[in-house]
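Breakdown of the fold
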Amino acid sequence: MSKENVLFQVEEDDIETTAPEDEGAGSRKHLIFTVDDLKIGIDANQVVEIMNVYTATYLPMMPDYIQGIFNMRGQIIPIMDIRLRLGKPLAEEGILIVIDYNNNQLGIQVDSVDLMLDIPLESIVPIPSQSAQKLVSGMCTLPDGSGTMLVLDCEQLIAHGYGD
Amino acid sequence: MSNNDILDMYIYETNTLLEQLESIVLDAEKENTFSQDNVNEIFRIMHTIKGSSAMMEFDTLARVSHRIEDMFFLIREGTMSVVKDEDRPALFDVMLHSVDYFREEMEKVEAEQPLNEDVDSFLGNINSLIAKIKGEEIPAEPAPKEAAAPAPAQEAASAAPVPAQTTEGSAEFPYGLRVFFDEGCGMENLRAFMLVTSVQGFCADADFAYQPAGVESDASLSDTVIEHGFLLQFRSDADRARAVTIVMTAGSVHSYEEENFVPAPPPPVEPAPAQEAAPAAQKPPAAPAAQAAGGGAQQHQGQKESLISVGLSKLDQLSAIVGEIVITEAMVTGSPDLKGLHLDAFSKSARQLRKLTDELQDVSMSLRMIPVSNTFQKMNRIVRDMCKKLNKQVKLTLVGEDTEVDKTIVDSIGDPIMHMVRNSMDHGIEENVQDRIDAGKDPVGEILLSAQDTGSEVIIQISDDGAGVNDEAVLAKAIRNGIASPDVEYSHKEILNFLMAPGFSTNAQVTEFSGRGVGMDVVKSGVESLGGSVSITSEQGKGMTTIMRIPLTMAIMDGMEVSVGDSIFTIPINNIRSSIKTTEEAILHDSVNGEMVKMLDGYYPVIRARDFYNLPGGAEKIDDGVLMWLESGDCSYCLFVDELLGEQQIVVKPLPAYVNNFDIKNYGITGCSILGDGNISIILDAGDLYKATRG
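The subject of this paragraph is the overall build of chain B. Within chain B one finds 24 helices and 22 strands. Here chain B holds 695 residues, and 34% of them are scored as buried. Contacts in chain B between residues at least 24 apart in sequence constitute 70% of all its contacts with a sequence separation of at least 6.

Rendered as C-alpha cells:
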C-alpha cells in the first residue's frame, strides 16, 4: 500500500470519527508532512494533489529552490524544493504536494507526507516574535501528542517570488 | 443570479447600447438629421438605460437618461423638424457628450468607484436644448438656477425639470385635471402615483403626463401635491373624462378641477393651435412610430436570441482543453506500444479521430474571433472630434471591417490604430485647405483604414492623403534628438524608421491629441508584443501609409525544437534564418571574451545557450552542436545548441504566474509548450534573449 492510500485512509477515518462535532468553524483539516525532521502542516483546502511520480523540466534563470516546472494534466506547475527554500540540505527524493493558493499553483517537494488531522484553530498560536522563522504563520501541538507542528504560510510562500 | 452577475449584465448591456447609440449619432450627424427610426431607437436605448440604471440605483444615470428620453420624446412626436438647423450641432454634441458621460460612469461602476454626483451642468445643457426644441425663449435660464443652489444638488436637479415641464406639458397635453387630496391624509405622493397607475390602465404613456414628476419615489413631493394639487394632463378630452371617473372613485380625493390649456402668447415652434385643431392628424404618425419602435425592439430581441455572451476565461479553458486533446490524440496514435503492429481497424479509427480533432480545433479557434468593426467604428468618433478641434475637413473610409481577428488582438490593436489615426489627423492632413487645393487634391482629406486577412496574418493599413513625411525635417529632428548622426547619409527608408524610434515626435508642439513625447515607438512596441511588425511608407506631398502585420492567433505557432543537454527549447520559425554546422576554428574571439562567426558577408556574435542559461549538460565543442542563425527586429546572432529535433506546430502556454515573477521573460523565456510525449519545451524569444546577453 502506497503512502497515498494510507493518507486517504486516514482522511476517511477522520471524517467518520470527527465530522459530527466539527460542524463549526472551530477547526480545519491540515495535511502534515515532514521536512528534515520538522513537522509542517498546511490547510488541506489548499492541497490539490499529492504525487509520487513526476518529471521536472529544468527552467533556467530561476533560484535554486525552484526545481523546474512539470506538466500535471496539461497544467504547467512550478516545483519548489521546500528543503532548499527553508535553507536545509538537499534530500535524495521526496513526494510532491501540489497546492493552490488564490489560483496560484505550486508543487512543493517534501520528504514524506504523514497524515491528515483536524486542528482546532484556537490551538494554533503565533510563533515567538524573536524567532526568525519565515514562511510559518503559527505553530501548534498535535492533538495526539506526537509533537509540534509548524503551520506553513502559503501566502508568504507564493508571494515571496514577487519580492526577490 | 448573484448581484455581481446582474451588475456585469448591466454594464455589458449598457455598453452595447452606448456603442449602438454612438454609431447612430455619428451617422445621423453626417446627414444632419435623425431619421424617425433613429429617433425611435435612441428613445428605446435611453429608456432601457434609464430603467436598468434606476433598478441598479444609479440615480444620476437614470436622471440624465430620463432627460434625454424626454428630449427624444419631443423629437419623436414632432419629427426632426422641431429641431432648428442652428440647434442641430448642439443636439449632436449633447448626444455624443452623453455617450462619453455614460461611458465614464460605466468605467467607474466597473471599478466600483463612486459615481459623479454633479450632473447639474450637464442636465442644464440638456434642459436648455429641450427648451430650444420647444422654441421657448428661456436662454440660460436653467443654468443660473442650478449654479445658484449647488449645495442641494438633488433638489436643484429635480426642481429644474419642473418649471420646464409645466409650460411644456401644457402645450402638448392641453387637457389638464388637477386633483387635491384630503387634508392630512398622508402619503400624498403615493396616492398621486396610484392615480397615475390607474390612468395607465386605459391611456398610453405617451398620451398623458403628470406633475410633479417622480412622485413614486420622492416623498418630499407630498408637500407640492398638498399645496398645488396633482396635475394630470391628457392629450385628448375623452381620456380626461375617463380619468375623472377614476378620480371620483379614488379614496381621499378632496376635490378636482379641470383645466384647459390656452396657448402662450409667443407661439411655440410646434404650433399648439394646429395640434389642437387637428388632433386626428397628429395621432396617426405617433401610432406607426410606436409600432415601429416595437418592431425594432422585437427584431433586436431576435438577434439577441441567436447570440450568447460567454466569459473569455471559459473560452480560454475550452481552447486549452482542445489543445490538450490534439496533443493527446498524437500521443495515443503515435504510442510506442503500437510500433510494428498492423492494426487496420485502429488506423482507420485513428484517422477519423484526427480529422475530428482538427475540426474541433478549428471551431474552438473561431470562437475567439471577433470582427474588427467595433474598433474601426470608434475611429469615426475620433476623426469627427478632431475635425472640429483642428478645423480640418477629413473623411474616414473603412475597408474590411468584418475581418475577424482573435479577441486579444482586437483588444490590443485599438490603441495603436487610434494613435495612427490621430497622427494622420494631426500631422498628416494639411493645416490649410488651400494647400490641398493647390496640390490638386480634394479639399476634403481622406484617411483610409483597412483590414485584410491573408490566412496567416492580418494586415491593418492606415493611410492618409496628406502632406506626407518631410524627410529633411525628420532627419533634422532625429539629429537634434541624438537618434541620428549628422555625418551619415540616410536612405528614405531609414529616415522613416526614425519616426518609430523612442522619443521621436515630429510635431513641434505637444497637442491634445498626439505628440506627448511618446509616439510611434509605442505603436511599434505594442504591435511587436503581439508578434507583429509595423512599416511606414510615405511620399512627400502624397501622404503616408502605415502597415501593421499581426499574426492571426498567438496560441499556435510553428517552432523549431532544439535540445541542449536534457532541456528542449522551441524557437519560433520566423526568427530562424538558417542553421549551420561548423568547427571550432571558424569561431573568432574578440577582446572581451566574446565569440563571433563569419556568415556570408558579416560577423555575428555567438551565444552558447548552455553557458547563458547555466544548463547542467550539453555540447561544449562547437563541432558537436549546431549554430542557429537567429534574427529578430534589428538583432542578428547565432545561438549554439546541441541538436535540431525538428519543426513542429505547438500550442503556446503561458508560464505559471509564480515563475513569471522572477522576470525570466527578460532572459528570453516567454512560454512553454507540452510536447507529444508529455514533456515540456521552453519557448525562447530571440530578441529578448539577445538583449539579455548584452546586459
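Along chain A, the regular secondary structure elements total 3 helices and 10 strands. If you list the helices and strands of chain A from N to C, you get α-β-β-β-β-β-α-β-β-β-β-β-α. Residue burial in chain A is summarised as follows: out of 164 residues, 29% are buried. Across chain A, contacts joining residues at least 24 apart in sequence account for 54% of those joining residues at least 6 apart.

Right, let's get into the nonpolar core. By size, the foremost hydrophobic cluster in this structure holds 76 residues, and its most contacted members are Ile69 and Ile97 of chain A together with Met628, Cys638, Leu639 and Phe640 of chain B. When neighbours within four sequence positions are excluded, Phe640 of chain B is seen to be in contact with Val606, Ile607, Arg608, Ala609, Ile622, Gly625 and Leu627 of chain B. Listed in part, the 39 residues of the second largest apolar core include Ile409, Ile429, Ile462 and Ile536 of chain B.

Below, the discussion takes up the sheet that holds strand E4 (residues 66-72) of chain A. All names here are of chain A. On the basis of which strands lie adjacent, the open sheet formed by 5 strands has the order E3-E6-E7-E5-E4 and mixed pairing. Edge positions in the sheet fall to strand E3 (47-51) and E4, since each has one partner strand and no second. Averaged over all neighbouring strand pairs, the angle between strand axes comes to 25°, with direction disregarded. With 4 bridges joining them, E3 and strand E6 (residues 95-101) adopt antiparallel strand pairing. Paired with Ile50 across the strands is Ile97, a residue of E6.

All names here are of chain A. Pairing analysis gives 6 bridges linking strand E1 (residues 27-35) to strand E2 (residues 38-43), with the strands arranged antiparallel. Bridge pairing in E2 links Phe33 to Ile40. With antiparallel pairing between neighbouring strands as the criterion, E1 and E2 make up a hairpin whose turn holds 2 residues, including Asp36 at a positive phi of roughly 50°. Sheet topology places E2 next to strand E10 (residues 148-152); 2 bridges connect them, and they run parallel. Looking at the pairing, Ile40 lines up with Leu150 of E10.

With 18 residues of chain A at the contact, the number on the chain B side is 25 residues. Counting only elements with at least two residues in the side of chain A that touches chain B, the list comes to E4, strand E5 (75-81), strand E7 (104-110) and helix H3 (154-163) of chain A. Considered class by class, the residues forming the side of chain A that touches chain B number 12 nonpolar, 6 polar and no charged.

Because an α-helix packs 3.6 residues into every turn, residues spaced three or four apart end up facing the same way. Relative to the 32 Å expected for 22 residues at 1.5 Å per residue, helix H17 (residues 407-428) of chain B spans 30 Å between its end C-alpha atoms, a close match to the ideal helical length. If you look at H17 of chain B, its biggest bend is around 35°, right at Ile413 of chain B, and the proline Pro416 of chain B turns up within four residues after that.

Now for the sheet that holds strand E17 (residues 602-608) of chain B. Residues and elements named next belong to chain B. Taken together, the 6 strands give an open sheet; going across it, the order is E14-E18-E19-E17-E16-E15, and neighbouring strands pair in mixed fashion. Lying at the two open borders of the sheet, with one neighbouring strand each, are strand E14 (576-580) and strand E15 (587-589). Between one strand axis and the next, the sheet turns by 35° as a mean value, whatever way the strands run. Across the sheet, helix H24 (residues 686-693) touches E17, strand E18 (626-632) and strand E19 (635-641), and the angle it forms with E18 is around 100°.

Here we come to the packing of helix H3 (residues 59-78) of chain B against helix H4 (residues 88-110) of chain B. Residues and elements named next belong to chain B. Viewed as axis vectors pointing N to C, H3 and H4 meet at an angle of 160°, and their least axial separation amounts to 11 Å. The orientation of H3 with respect to H4, classified from their angle, is roughly antiparallel. Considering only the axes of H3 and H4, their crossing is left-handed. On H4, the residues that touch Leu61, Val64 and Ile68 of H3 are Ser98, Tyr101, Phe102 and Glu105. Looking at the contact of H3 with H4, its residues break down into 5 nonpolar, 1 polar and 1 charged.

Per-residue confidence for chain A gives a mean pLDDT of 78; residues scoring 70 or more make up 79%. Considering each helix and strand of chain A separately, the mean pLDDT is smallest for helix H1 (residues 3-18) of chain A, with a value of 43, and largest for E6 of chain A, with 91.

Residue and element names in this part refer to chain B. It is the contact of helix H16 (residues 373-390) with H17, at a shortest axis distance of 10 Å, that shows an interaxial angle of 25°. With respect to H17, the element H16 is oriented roughly parallel. In the packing of H16 onto H17, the handedness of the crossing is right-handed. Taking contact as the criterion, the partners of Thr375, Met379, Ile382, Val383, Met386 and Leu390 in H16 are, on H17, Val410, Ile413, Gly414, Ile417, Met418, Val421, Arg422 and Met425. Each residue belonging to the contact of H16 with H17 can be placed in one class, and the counts come to 11 nonpolar, 2 polar and 1 charged.

Residue and element names in this part refer to chain B. Within the secondary structure, Ser538 sits in strand E10 (residues 533-539). With 25 C-beta atoms counted inside 10 Å, the residue Ser538 sits in the buried group. Between the C-alpha atom of Ser538 and that of His492, which follows or precedes it by 46 residues, the distance is 9.0 Å. In this view, Ser538 contacts Gly468, Val469, Leu496 and Met544; residues no more than four positions away in its chain are not counted.

Quick look at H4 of chain B now. Taking 1.5 Å per residue as the helical rise, H4 of chain B with its 23 residues ought to reach 33 Å, and the 33 Å between its terminal C-alpha atoms agrees with that figure. Along H4 of chain B, the residues that are buried comprise Leu91, Val94, Met95, Ser98, Val99, Phe102, Glu105 and Val109 of chain B.

With that settled, the discussion passes to the pairing of strand E11 (residues 543-551) of chain B. The side chains of a regular strand alternate, first on one face of the sheet and then on the other. All names here are of chain B. With 8 bridges connecting them, strand E9 (residues 457-464) and E11 associate as antiparallel partners. In the sheet register, Val458 faces E11, and the bridge partner there is Ile550. Where E10 meets E11, 7 bridges bridge the pair, whose relative direction is antiparallel. Across the sheet, residue Val534 finds its bridge partner in E11, namely Met548. Two successive antiparallel strands, E10 and E11, enclose a turn made up of 3 residues, where Gly541 displays a positive phi of approximately 90°.

Rules behind the numbers
Residues numbered from 1 in each chain as written. Chains lettered and ligands numbered in written order. Predicted model: local features only at pLDDT ≥ 70, side-chain atom pairs only at ≥ 80, totals over all residues. Helix = DSSP H or I, 4+ residues; strand = E, 2+ residues; numbered from the N terminus. Buried ≥ 20, exposed ≤ 12 C-beta atoms within 10 Å, placed from the backbone. Contact = placed C-beta atoms within 7 Å. Core = buried A, V, L, I, M, F, W, Y, C linked by C-beta atoms within 7 Å. Pairing = 2+ DSSP bridges. Axes fitted to C-alpha atoms, helices over the stretch in contact; angles between N-to-C directions. Nonpolar A, V, L, I, M, F, W, Y, C, P; charged D, E, K, R; others polar. Expected span 1.5 Å × (residues − 1). Bend = angle between axes of the 7 residues up to and from the residue. Parallel < 35°, antiparallel > 145°, perpendicular 65-115°, else oblique. Left-handed = near helix turned anticlockwise from the far one by under 90°. pLDDT = per-residue confidence, 0-100.

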